[in-house]
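This is what each chain is made of:
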Amino acid sequence: QVQLVESGGDLVQAGGSLRLSCAASGSIVRLNSMGWYRQAPGKQRELVALITSGGTTDYADSMKARFTISRDNAKNTVYLQMNSLKPEDTAVYYCYADLYIKGANYPNRYWGQGTQVTVSS
């Protein structure tokens, strides 16, 4: 019904940058909030950033100065620009989308498959 396909994860040196993308497709009637979580080995999944359909953004405090979330509503795509990357940013990054599918009376959350970001020191 709905697919979220992520791309952009890679191995990068500390101080480098990456841009993640996540495109939603399928029987989507309306996209609400979209965002990114990440999960490092042995740690809980944590929120990185989110963006509402109107463009309001929110970030985890530790990433606010270095990461920028944006979206292209025409493409049902959310982006995460990550600058000044640190080894502690190493994790699997998951995108999500809160959306209505055809026939639904309430939104559900859908997840991408995850993309690996590795930052070497």
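For the structure, check the block above.
Because the structure is a prediction, the values reported are computed rather than measured.

How each quantity is defined
Residues numbered from 1 in each chain as written. Predicted model: local features only at pLDDT ≥ 70, side-chain atom pairs only at ≥ 80, totals over all residues. Heavy atoms only, no water. Helix = DSSP H or I, 4+ residues; strand = E, 2+ residues; numbered from the N terminus. Core = buried A, V, L, I, M, F, W, Y, C linked by side-chain atoms within 4.5 Å. Buried < 20%, exposed > 50% of the residue type's maximum accessible area, 1.4 Å probe, protein only. Contact = heavy atoms within 4.5 Å. Phe/Tyr/Trp six-rings, centres within 6.5 Å; stacked < 30°, edge-to-face > 60°.

Asker: I tried to follow the environment of G103 on my own but got confused; where do I start?
Answerer: Mapped onto the fold, G103 is located in the loop between β9 (91-101) and β10 (108-111). Between the C-alpha atom of G103 and that of S27, which follows or precedes it by 76 residues, the distance is 9.5 Å.

Asker: How should the nonpolar core be read in this particular structure?
Answerer: One recurring pattern in soluble globular proteins is that nonpolar side chains are buried together. In this structure, W36, L80, M82 and Y93 are the most contacted members of the largest nonpolar core, which totals 33 residues. Those residues within four positions of L80 in sequence are excluded, and the remaining contacts are L18, R19, L20, W36, V48, A49, F67, T68, I69 and Y93.

Asker: Even after reading the chapter, I still don't get the packing of aromatic side chains, so can you show me in this structure?
Answerer: Here a ring pair, both rings aromatic, is described through the centre-centre distance and the interplanar angle of the planes. Counted according to the given criterion, the structure contains three aromatic pairs. When the centroid spacing of 5.4 Å and the interplanar angle of 65° are considered together, the rings of Y37 and W111 count as edge-to-face. Pair noted here: Y37 is in strand β4 (residues 28-39) and W111 is in strand β10, with a separation of 74 residues, a long-range link. In this structure an aromatic cluster arises from ring pairing among Y37, Y96 and W111.

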